[in-house]
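Below are the chains, spelled out letter by letter.
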Amino acid sequence: MREKKVLSLALGAGLAVFAALFGADTTRADTASQSAAPAPQGEVLLTVTLEGEGAREQQMTLAQLQALAADSFETTTIWTTGPQSFTGVPLAELLAQFDIAAPTPGITLEARAVNDYMVEIPLTDAVEDGPIIAYLRNGKTMSLRGKGPLWLVYPYDSNPAYRTEAVYSRSIWQLDSLSLRPTAE
């Protein structure tokens with residue numbers, strides 16, 4: 001009887017830990033360097049950090065991304081079959097939320113994926129009719145397995161300059177953070 005009680009307590013404790021890890025609010029703790037932005041309601045999909053002078057961090061949910069100006073285009077990719085329709089926030093629009101415009105000298109943009117893949121993206125890419133942070137593909141949200149929930153996508157078919165190895169390497173899927181930081185001198 002005592003063994004069953006111990007097993008029951010251990011199982012209960014394990015479930016409590018599981019619930020705390022996976023059922024808890026997914027927002028990250030604030031730090032002193034962050035602005036006093038209200039905590040997002042819902043799952044945080046993207047964390048945008050501005051480092052250096054005026055440092056701040058903004059965590060964004062799908063609803064917050066969808067509240068920004070959106071752009072849509074259809075293009076083929078080297079990772080999918082046939083034309084795909086993408087909808088999302090233009091990179092230029094997102095950066096404008098931090099008063100960053102292309103090109104802003106002295107700023108580096110680092111994009112990081114869930115699996116810690118990291119790539120630097122030149123701010124000169126953040127132009128009208130340029131890449132978007134897509135949250136919809138073919139009208140549907142993207143799962144983690146389906147290269148989502150966020151994918152930095154360029155309109156590859158509209159401009160031959162977007163069909164290069166360098167641009168393909170910047171087309172980061174499972175995107176979860178962007179860091180804007182002063183360039184090392």
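See the structure printed just above.
Rules of the game
Residues numbered from 1 in each chain as written. Predicted model: local features only at pLDDT ≥ 70, side-chain atom pairs only at ≥ 80, totals over all residues. Heavy atoms only, no water. Helix = DSSP H or I, 4+ residues; strand = E, 2+ residues; numbered from the N terminus. Buried < 20%, exposed > 50% of the residue type's maximum accessible area, 1.4 Å probe, protein only. Areas by Shrake-Rupley, 256 points an atom, 1.4 Å probe, with all protein chains shown as cover. Core = buried A, V, L, I, M, F, W, Y, C linked by side-chain atoms within 4.5 Å. Pairing = 2+ DSSP bridges. Salt bridge = Lys/Arg side-chain N within 4 Å of Asp/Glu carboxyl O. Phe/Tyr/Trp six-rings, centres within 6.5 Å; stacked < 30°, edge-to-face > 60°.

Draft legend 1. Representation of the overall build of the chain within the structure. Secondary structure assignment for the chain yields four helices and ten strands. Element order for the chain, N to C, with α for helix and β for strand: α-β-β-α-β-β-α-β-β-β-β-β-α-β. Counting only residues that meet the buried cut, the chain has 37% of its 185 residues in that class. Here the chain has roughly 10800 Å² of accessible surface; of this, 55% comes from carbon and sulfur atoms.

Draft legend 2. Layout of the nonpolar core. Formed by 41 residues in total, the largest nonpolar core has its most connected members in L46, L94, I133, L178 and L180. The element contributing the most residues to this core is strand β7 (residues 132-137), with five residues.

Draft legend 3. Molecular detail of the pairing of strand β4 (residues 84-90). Within β4, six of the seven residues are buried, leaving the element largely enclosed by the surrounding structure. With five bridges connecting them, strand β3 (residues 71-75) and β4 associate as antiparallel partners. The partner of S72 across the bridge, within β4, is T87. Bridge count for β4 against β7 is five bridges, and the pairing is antiparallel. Looking across to β7, one finds that T87 is bridged to L136.

Draft legend 4. Just the pattern of salt bridges, in detail. A complete count under the given rule lists four salt bridges for this structure. Close ionic contact of R181 with E110 constitutes a salt bridge, the shortest N to O distance being 3.1 Å. Of this pair, R181 sits in strand β10 (residues 175-182) while E110 sits in strand β5 (residues 107-113), and the two are 71 residues apart along the sequence. Using a relative accessible area of 23% as the deciding quantity, one classes R181 as partly exposed. Its salt-bridge partner being D125, residue R170 comes within 2.8 Å of it at the nearest N-O pair. Of this pair, R170 sits in helix α4 (residues 165-170) while D125 is found in the loop between β6 (118-121) and β7, placing the two residues 45 residues apart along the sequence. Comparing R170 with D125 shows no difference in burial state: the two are buried. Several salt bridges share partner residues, and in doing so they unite E110, R112, E120 and R181 into one network.

Draft legend 5. Representation of the packing of aromatic side chains. In total, this model carries ten aromatic pairs according to the counting rule given. Both rings, one in W79 and one in Y156, keep their centres 6.1 Å apart while their planes meet at 65°; by these two values the pair is edge-to-face. Here W79, found in the loop between β3 and β4, pairs with Y156, found in the loop between β9 (151-153) and α4; they are 77 residues apart in sequence, far enough to count as distant. Judged by its relative accessible area of 26%, W79 is partly exposed.

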